[in-house]
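Structure at a glance
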Amino acid sequence: MAYIYPAPGTASNVQVWIQTNGTTGCNLVVPALQDITINASNDVFTWTQLNEGSKLQVATTATNDISMNLVLDKTSFFGSNVTAAAGATASVQGVFGLSRNKDLVNVRIFMGSESSNTSSNVTMTGQAYVTGLAPTTSADAPVFVSPITLTVSGPYAVVVNTAPLT
């Protein structure tokens, strides 16, 4: 039987880092990640031929994106400088600034490890644009929660035996 790992509440849970392209450090820290979906969808070209009884298909380029729901505070949403220009670090711009300024960001997703088995550590990386922000709050959830989509430009890279960033 297959189990979802890591389980909620475990120390080595899924972690996401966002930093602006060309910078090191200054990762954007979000207070909480509710869920994450990693999409890798190949487009398919379909055609018919007179000598075939079925349609023929061939895979073409992929459309990749990462969607998630984040619990946001003022700093993670607006950054440390609400008027920051494009090119400032991710922590200075916040998710709103990264979207508004159309900055290409580096994304790193640590998928969590299985107990102490470091060979099970898998990290996905890519470059993306921040889109799809729609923060909401309600009486039942008195914090801001926002969907966010990271539209990936190019392919994903997968690295194994990596440790989470601290």
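Within every chain, residues take consecutive numbers counted from 1 along the sequence as written. For this predicted model, a pLDDT threshold of at least 70 governs which residues receive local features, and a threshold of 80 or more governs which side-chain atom pairs are given and counted, while totals over whole chains, interfaces and linings are taken from all residues. With hydrogens and water set aside, each side-chain value is computed from the structure's full complement of heavy atoms.

1. Some remarks on the overall build of the protein chain
- A run of H or I in DSSP becomes a helix once it reaches four residues, and a run of E becomes a strand once it reaches two; helices and strands are each numbered from the N terminus. For the protein chain, the count of helices and strands is 2 helices and 7 strands.
- Taken from N to C terminus, the helices and strands of the protein chain fall in the order β-β-β-α-α-β-β-β-β.
- Only protein chains enter the accessibility calculation, which uses a 1.4 Å probe; a residue whose area is less than 20% of its type maximum is buried, one above 50% is exposed, and one in between is partly exposed. Residues classed as buried in the protein chain amount to 30% of the 166 residues present.
- Restricting to contacts in the protein chain with at least 6 residues of sequence separation, those with at least 24 account for 59%. In what follows, residue pairs with any heavy atoms lying within 4.5 Å of each other are defined as contacts.

2. Describing the side chain of Asp65
- In this fold, Asp65 is placed in strand E3 (residues 56-72).
- Look at Asp65: it is buried, it has no salt bridge, and the nearest opposite charge is Lys102 at 19 Å.
- Two N or O atoms form a polar contact when they lie within 3.5 Å of each other; inside protein one atom must be a possible hydrogen donor and the other a possible acceptor, and for residues adjacent in sequence the pair counts only when both atoms belong to side chains. A polar side-chain atom of Asp65 sits 2.6 Å from a polar atom in the side chain of Asn39.
- For Asp65, the contacting residues outside a window of four places in its chain are Thr37, Ile38, Asn39, Thr149, Leu150, Thr151, Val152 and Tyr156. By the counting scheme adopted, Arg and Lys are positive, Glu and Asp are negative, and His together with the chain ends is not counted. For this document, the term salt bridge refers to a Lys or Arg side-chain nitrogen within 4 Å of an Asp or Glu carboxyl oxygen.

3. Quick word on the packing of aromatic side chains
- Note on aromatic pairs: the rings of Phe, Tyr and Trp (six-membered ring only in Trp) are paired at centre separations within 6.5 Å, and the planes decide the class, stacked below 30 degrees, edge-to-face beyond 60, tilted for the rest. Tallied over the entire structure, the rule returns 4 aromatic pairs.
- Residues Phe77 and Phe78 carry aromatic rings whose centres are separated by 4.8 Å and whose planes lie at 85° to one another, so their mutual orientation is edge-to-face.
- For Phe77, a relative accessible area of 12% translates into the label buried.
- The class for Phe78 is partly exposed, based on a relative accessible area of 32%.
- One aromatic cluster is present, formed by Phe77, Phe78 and Phe96 through successive ring pairs.

4. As for the pairing of strand E6 (residues 144-152)
- Two strands are said to pair when DSSP picks up at least two bridges between them. Of the strand pairs in this sheet, E3 and E6 are connected by 8 bridges, and their pairing is antiparallel. Residue pairing for E6: Ile66 is matched across the bridge by Leu150.
- Pairing of strand E5 (residues 122-131) with E6, which is carried by 4 bridges, proceeds in the antiparallel orientation. Considered in E6, the bridge of Ala128 is made with Val152.

5. Here we look at helix H2 (residues 90-100)
- Ala90, Gln93, Gly94, Val95, Gly97 and Leu98 are the residues of H2 that are buried.
- The inward-facing, buried residues of H2 contact strand E1 (15-20), E3, helix H1 (74-78), strand E4 (104-110), E5 and E6.
- After H2 finishes, the residue Lys102 shows a positive phi value of roughly 55°.

6. Overview of the nonpolar core
- The biggest cluster of nonpolar side chains holds 21 residues, and the ones touching the most others in it are Ile66 and Leu150.
- Of all the secondary structure elements, the ones that give two or more residues to this core are E1, E3, H2, E4, E5 and E6.
- Setting aside residues up to four positions removed in sequence, Leu150 forms contacts with Ile18, Asn64, Asp65, Ile66, Met68, Val107, Ala128, Tyr129 and Val130. For this analysis, a nonpolar core means a set of buried residues of the types Ala, Val, Leu, Ile, Met, Phe, Trp, Tyr and Cys, connected via side-chain atoms within 4.5 Å.

7. Concerning the environment of Thr131
- For Thr131, the position within the fold is in strand E5.
- Judged by relative accessible area, which is 30%, Thr131 ranks as partly exposed.
- Expressed as a C-alpha distance, the spacing of Thr131 and Pro147, which sit 16 residues apart in the sequence, is 9.1 Å.
- The contacts of Thr131, once residues within four sequence positions are left out, are Ser99, Ile148, Thr149 and Thr151.
- A distance of 3.4 Å separates polar atoms of two side chains, one belonging to Thr131 and the other to Thr151.

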